[in-house]
Amino acid sequence: MIYYLDERESCPGCIINNLKQSNSGIPFKHFFYVFLLALITALPMSSLFPFLYFMIKDFNIAKREEDIGYYVGVVDKHSMGDRISDWSYSWRFPFPGNILA
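In this report, the structure presented in the accompanying data block is examined. All values reported here derive from a predicted model rather than from experimental measurement.

## Details of the pattern of salt bridges
Alright, step 1. Throughout the structure, instances matching the rule amount to two salt bridges.
Alright, step 2. Here E66 and R64 are joined by a salt bridge, their closest N and O atoms 3.9 Å apart.
Alright, step 3. Between D67 and R64 there is a salt bridge whose closest N-O contact spans 3.2 Å.
Alright, step 4. Looking at R64, the relative accessible area reads 52%, which means it is exposed.
Alright, step 5. Each member of the salt-bridge network shares a partner with another, and the members are R64, E66 and D67.

Now the structure itself:
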């Protein structure tokens, strides 16, 4: 017995099929949503870096003025290192065995 989905149903597949049939052009609105999401997720991380020097200086973490750059690098390494390691960890699964380990 074969079941056919009614186009009026509110299942996710029916909604996508209706959207495809109603819009035959390039989905610029959806591209804009993806662009906006990518921009919003990058802003908190990139807005931290101009203030790192002053945060290290005001919290008196560095003993000397020359050591502030070292501690800024430590914070930068940990924040960006987490992103890189998360990306590389997620790419281990498609490969057989421990190729990337």
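Moving on, there is more to tell.
## What to know about the packing of aromatic side chains
Alright, step 1. Under the defined criterion, the tally for this structure stands at three aromatic pairs.
Alright, step 2. Considering the side-chain rings of F32 and Y33, the 6.5 Å spacing of their centres and the 50 degrees angle between planes classify their relative orientation as tilted.
Alright, step 3. Residue classification places Y33 among the partly exposed residues on the basis of a relative accessible area of 47%.
Alright, step 4. Judged by centre distance (5.3 Å) and plane angle (90 degrees), the ring pair of Y53 and F54 falls under edge-to-face.

Reading the values: the criteria
- The written sequence of each chain sets the order in which its residues are numbered from 1.
- With pLDDT at 70 or above as the cut-off, local features in this predicted model cover only qualifying residues; side-chain atom pairs require 80 or more to be listed or tallied, and sums for whole chains, interfaces and linings still use all residues.
- Processing note: side-chain calculations cover all non-hydrogen atoms of the structure and skip hydrogens and water entirely.
- One side-chain nitrogen of Lys or Arg within 4 Å of one carboxyl oxygen of Asp or Glu is enough to make a salt bridge.
- The classification of residues rests on relative accessible area computed with a 1.4 Å probe and restricted to protein chains. Under 20% of the type maximum is buried, over 50% is exposed, and intermediate values are partly exposed.
- Only Phe, Tyr and Trp rings are paired, with Trp represented by its six-membered ring, and only when their centres lie within 6.5 Å; those with planes under 30 degrees apart are stacked, over 60 edge-to-face, the remainder tilted.

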